[in-house]
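Examination of the molecular architecture
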Amino acid sequence: YTTLFRSDLLARDTSLRHAARSPLILKGMLAQAKKGEVASSSAFDLLGAVVDTFEEDQQRRLSLEEPPLDNQHRYFLEGLAYELTSKQETVASRQEVLPVISTAAKQLVEDGQFVVPPRSSEVLDALSSHHLVHTDGQTVRFAHQRFQEYFAATQLFRACVGGSERDVAFLREA
């Protein structure tokens, strides 16, 4: 993968060079290169590559596919990230987070992804055990603020391209 991740690419692309100052972003660049992709200068794409690589771990992937997440982890993460970001917060109490997860679960039921919504506490525990959410006692946060920003942006992006009534209502409130 060294041919795709060359120092001359960094020398030519100022945005990429500045983004690569962050170890997290550099990790995304390396993840893209390992997959044979040309490094993107978009922080969003690079964070997405880090998240993809994180989720591709075989043991983690199996946990994300099983209940209570049933491969809907990103939907829950997006809702949590958007809620924290809209309040300009990076941490929240467990009591503040559980209703956000409950709302996301109900939306997934409406969308036919679940027959019965999973228990919010079980979803939070699974995200904390197997993804980029940390819980410390009653405090909940993302492993890094950039992951929170990534998932919040993903929810906004999905709403922009979705076009459903729920998406339009969400964008009006955003």
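In what follows, the structure referred to is the one given above.
Residues numbered from 1 in each chain as written. Predicted model: local features only at pLDDT ≥ 70, side-chain atom pairs only at ≥ 80, totals over all residues. Heavy atoms only, no water.

**Section: the sheet that holds strand β1 (residues 91–93)**
Spatial strand order, β1-β3-β2: three strands in an open sheet with antiparallel pairing. Edge positions in the open sheet fall to β1 and β2 (133–136), since each of these has one partner strand only. Each strand of the sheet is rotated relative to its neighbour by a mean of 25°, with strand direction disregarded. As paired strands, β1 and strand β3 (residues 139–142) are joined by three bridges and run antiparallel to one another. Bridge assignment links Val91 to a residue of β3, and that residue is Arg141. Contacts between helix α6 (residues 73–86) and the sheet are confined to β1, β2 and β3, with β3 contributing the most and set at about 100° to the helix. (Pairing = 2+ DSSP bridges. Helix = DSSP H or I, 4+ residues; strand = E, 2+ residues; numbered from the N terminus. Axes fitted to C-alpha atoms, helices over the stretch in contact; angles between N-to-C directions. Contact = heavy atoms within 4.5 Å.)

**A look at the pairing of β2**
Judged from the four bridges that link them, β2 and β3 form a sheet pairing that is antiparallel. Across the sheet, the residue bridging to Asp136 is Thr139, located in β3. Counting the residues between successive antiparallel strands, the hairpin from β2 to β3 contains two residues, one of them, Gly137, with a positive phi of roughly 65°.

**What to know about the packing of helix α9 (residues 145–162) against helix α10 (residues 165–173)**
Running from N to C, α9 and α10 point in directions that differ by 130°, and their axes come no closer than 8 Å. Considering their axes alone, α9 and α10 lie oblique with respect to each other. As for how α9 packs across α10, the hand of that crossing is left-handed. Contact with α9, carried on its side by Gln155, Leu156, Arg158, Ala159, Cys160 and Gly162, involves Asp167, Phe170 and Leu171 of α10 and no other residues of that element. For the contact of α9 with α10, the class distribution of residues is five nonpolar, two polar and two charged. (Parallel < 35°, antiparallel > 145°, perpendicular 65-115°, else oblique. Left-handed = near helix turned anticlockwise from the far one by under 90°. Nonpolar A, V, L, I, M, F, W, Y, C, P; charged D, E, K, R; others polar.)

**Things to note about the packing of helix α4 (residues 43–56) against helix α5 (residues 58–65)**
Packed helix pairs are characterised by how far apart their axes lie and by the angle those axes make with each other. The contact between α4 and α5 brings their axes to 5 Å, and the two run at 90°. By the criterion of interaxial angle, the relationship of α4 to α5 is roughly perpendicular. Where α4 abuts α5, its residues Phe54, Glu55 and Glu56 lie against Gln58, Arg60, Arg61 and Leu64. Residue composition of the contact of α4 with α5, by class: two nonpolar, one polar and four charged.

**Observations concerning the nonpolar core**
Residues Phe76, Val133 and Phe142 are the most contacted members of the largest nonpolar core, which totals 38 residues. Going through the elements one at a time, α2 (14–19), α3 (23–34), α4, α6, α7 (94–110), α8 (120–130), β3 and α9 are the ones with two or more residues in this core. Beyond its immediate chain neighbours, meaning those up to four positions away, Val133 contacts Leu77, Leu80, Leu124, Leu127, Ser128, Val140, Arg141 and Phe142. (Core = buried A, V, L, I, M, F, W, Y, C linked by side-chain atoms within 4.5 Å. Buried < 20%, exposed > 50% of the residue type's maximum accessible area, 1.4 Å probe, protein only.)

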